[in-house]
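Take a look at the letters that make up each chain.
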Amino acid sequence: IEKLKLDTNRLLHTNHINIQFTLSSGISIYPDNRMKDLLNVAYKALSTANKQGVGYSVVFDKNKIDGNTNNPIGYDEIKKALTDGQLTMYYQPIISVANKSIVGAEALMRWVHPIKGIIPPDLFIPMAEKTGLISELGKFAITCTIVQLAQWNALGFKRIQVAINLSLREIESTNPHEHIAALLDKHNIKASQIKIEVTENITMNNQEQSYKQFSKLKALGVDISLDDFGTGHSSFSMLKAFPINTVKIDKSFILNISTNKDHQNIVKAMIVMVHTLGMKVIAEGIEDINSVQILEKLNCDYIQGYYYGKPMPVFEFQEQIRADKQKSDENNILDIS
Ligand code: C2E
Ligand code: MG
Ligand code: MG
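Residues numbered from 1 in each chain as written. Chains lettered and ligands numbered in written order. Predicted model: local features only at pLDDT ≥ 70, side-chain atom pairs only at ≥ 80, totals over all residues. Heavy atoms only, no water.

J.: I'd like a rundown of the coordination of the magnesium ion (ligand 2), residues and numbers included.
T.: Within the protein, the magnesium ion (ligand 2) binds to Glu106 (OE), Asn165 (OD1), Glu197 (OE) and Asp227 (OD); these donor distances fall in the range 2.0 to 2.3 Å. The sequence pattern formed by the donor residues of the magnesium ion (ligand 2) is E-x58-N-x31-E-x29-D. In this model, the magnesium ion (ligand 2) sits 4.2 Å from the magnesium ion (ligand 3), the two metals being bridged by Asp227. Placement of Glu106 in strand E6 (residues 102-113) and of Glu197 in strand E9 (residues 194-199) is noted, with a sequence separation of 91 residues between them. Of the two residues, Glu106 and Glu197, neither departs from the other in class, the shared state being buried. (Donors = N, O, S within 2.8 Å, 3.2 Å for Na, K, Ca; no water. Helix = DSSP H or I, 4+ residues; strand = E, 2+ residues; numbered from the N terminus. Buried < 20%, exposed > 50% of the residue type's maximum accessible area, 1.4 Å probe, protein only.)

Written out as structure tokens, the structure is:
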């Protein structure tokens, strides 16, 4: 695998375009695994490797990875998760580079399964999209987040902006602005406390319809962020065609930024371009202080990653906001003296 990685993990220059290849792998071994399961459990290991970042290899280990391939997650299971209240939102802090304090959070869905434990969204969102259940999951994410914001505001927490992930398919095929508008009104929340993060994991079916939907969201006053920038189908056309406030650089460019000069250059160029278009930049996948320093030098506006906190349940997140407030209060005291 290491030899294969060396062969593939290089930059290819062709017609003035640089193409970066990376290799991630999921490995299953016979006779540890049954012959008929080899391919399925290799996929499970690959999915685990992809979750760790770019370029990882994972050998399937039945003690660590759920290898129950006879029982894939389907419509009925997701529907039951919704009705039985097994879905919840975790929150990951978003930090301002200028003063290193928490200015926002990303709401990320988790399925707390009574037997399987916590199931990450990559394992059920794609199936929810295929079966149409994604619109119900989207409604759940929006409701949960707005109700949470109302609680935080009532408890006197500092006002932060929370980003909700909606896939392009959800925005094209449902009317999220109606649901959001009703909830903002009911809970007396300003639209500026909400940001919609759009993932472009599908090609846009109908640009005109998408544009209408985006404009309705924008008219409400919510911010719109383009997620996973640099990957996907139509990043540049999305930038041009839609009323976008923030661009989120995909973590595949950020995870190894301190050692990969090419990624540093690509990120530098992306930040200049996004700023030239009058938008703000968030980098996700910040895992160490070196990456913070590099992104600070490159004039990135906001950062998010394990270095500042993994996605966490609401009570843990509240502790983090409290600590952040205390930190900035202490800094103010120091400034005054
Ligand atoms: P995303 O929106 O790009 O979210 C960022 C993902 O990167 C999250 O994975 C987060 O845990 C992970 N991450 C954040 N910082 C770091 C870091 O420093 N290092 C590494 N290695 N990873 C980091 P998660 O929570 O598993 O979510 C995966 C994807 O599932 C999300 O990617 C998003 O596209 C989708 N998703 C999550 N919640 C929802 C939802 O409510 N609705 C929809 N439609 N999609 C969702
Ligand atoms: Mg996101
Ligand atoms: Mg992302």
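There's plenty left to go through after this.
J.: A description of the site of ligand 1 should follow, citing residues and the corresponding values.
T.: Close to ligand 1 lie 26 residues, the nearest being Arg110, Asn165, Asp227, Glu287 and Tyr306. Contact between ligand 1 and Glu170: a nitrogen atom at 3.1 Å from a side-chain N or O atom of the residue. Note that an oxygen atom of ligand 1 is positioned 2.8 Å from one of the side-chain N or O atoms of Asp227. Summarising the interface, the protein chains cover 93% of the accessible area of ligand 1, which totals 810 Å² for the free molecule. Of all elements in the fold, only strand E5 (87-96), E6, strand E8 (161-167) and strand E10 (223-229) reach the threshold of two or more residues within the shell around ligand 1. (Near = heavy atom within 4 Å. Polar contact = N/O pair within 3.5 Å; in protein donor to acceptor, adjacent residues only side chain to side chain. Areas by Shrake-Rupley, 256 points an atom, 1.4 Å probe, with all protein chains shown as cover.)

J.: Residues and numbers for the side chain of Asp227, please.
T.: Tracing the backbone through its elements, the reader meets Asp227 in strand E10. Despite its burial, Asp227 remains without a salt bridge, the nearest opposite charge being carried by Lys248 at 4.6 Å. Setting aside its immediate chain neighbours within four residues, Asp227 contacts Glu106, Asn165, Glu197, Val198, Thr199, Lys248 and Glu284. (Lys, Arg positive; Asp, Glu negative; His and termini not counted. Salt bridge = Lys/Arg side-chain N within 4 Å of Asp/Glu carboxyl O. Contact = heavy atoms within 4.5 Å.)

J.: Which residues make up the coordination of the magnesium ion (ligand 3), and what values go with them?
T.: With distances of 1.9 to 2.5 Å, the protein atoms coordinating the magnesium ion (ligand 3) are Asp227 (OD), Asp228 (OD) and Glu284 (OE). We note that the donor set of the magnesium ion (ligand 3) lies within a single chain, spaced as D-D-x55-E.

J.: Which residues make up the nonpolar core, and what values do they have?
T.: Core analysis: the biggest nonpolar cluster contains 74 residues, and Tyr91, Phe124, Trp152, Ile196, Val267, Leu295 and Ile303 have the highest contact counts within it. Per element, the largest residue contribution to this core is eight residues, and it comes from helix H5 (residues 134-154). Ignoring sequence-local partners within four residues, the contact set of Ile196 consists of Ile164, Leu166, Ile171, Ile180, Leu217, Val222, Asp223, Ile224 and Ser225. Core analysis: the next-biggest nonpolar cluster, separate from the first, contains five residues, Val41, Ala45, Ala49 and Phe60 among them. (Core = buried A, V, L, I, M, F, W, Y, C linked by side-chain atoms within 4.5 Å.)

J.: Lay out H5 in plain terms, naming residues and giving numbers.
T.: Compared with an ideal rise of 1.5 Å per residue, which puts 21 residues at 30 Å, H5 spans 30 Å between its outermost C-alpha atoms and is within 8% of the ideal. The set of residues buried in H5 consists of Ile134, Leu137, Gly138, Ala141, Ile142, Thr145, Ile146, Gln148, Leu149, Ala150, Trp152 and Asn153. Just downstream of H5, Gly156 is the residue with a positive phi angle, here 85°. (Expected span 1.5 Å × (residues − 1).)

J.: I'd like a rundown of the pairing of E8, residues and numbers included.
T.: A regular strand places its side chains on the two faces of the sheet in alternate fashion. Counting buried residues in E8 gives six out of seven residues, a clear majority hidden from the surface. Where E6 and E8 come together, four bridges link them in parallel fashion. Bridged to Ala105 within E8 is Val162. Summarising the sheet, E8 and E9 pair through six bridges and their orientation is parallel. Its bridge partner lying in E9, Ala163 is registered against Lys195. (Pairing = 2+ DSSP bridges.)

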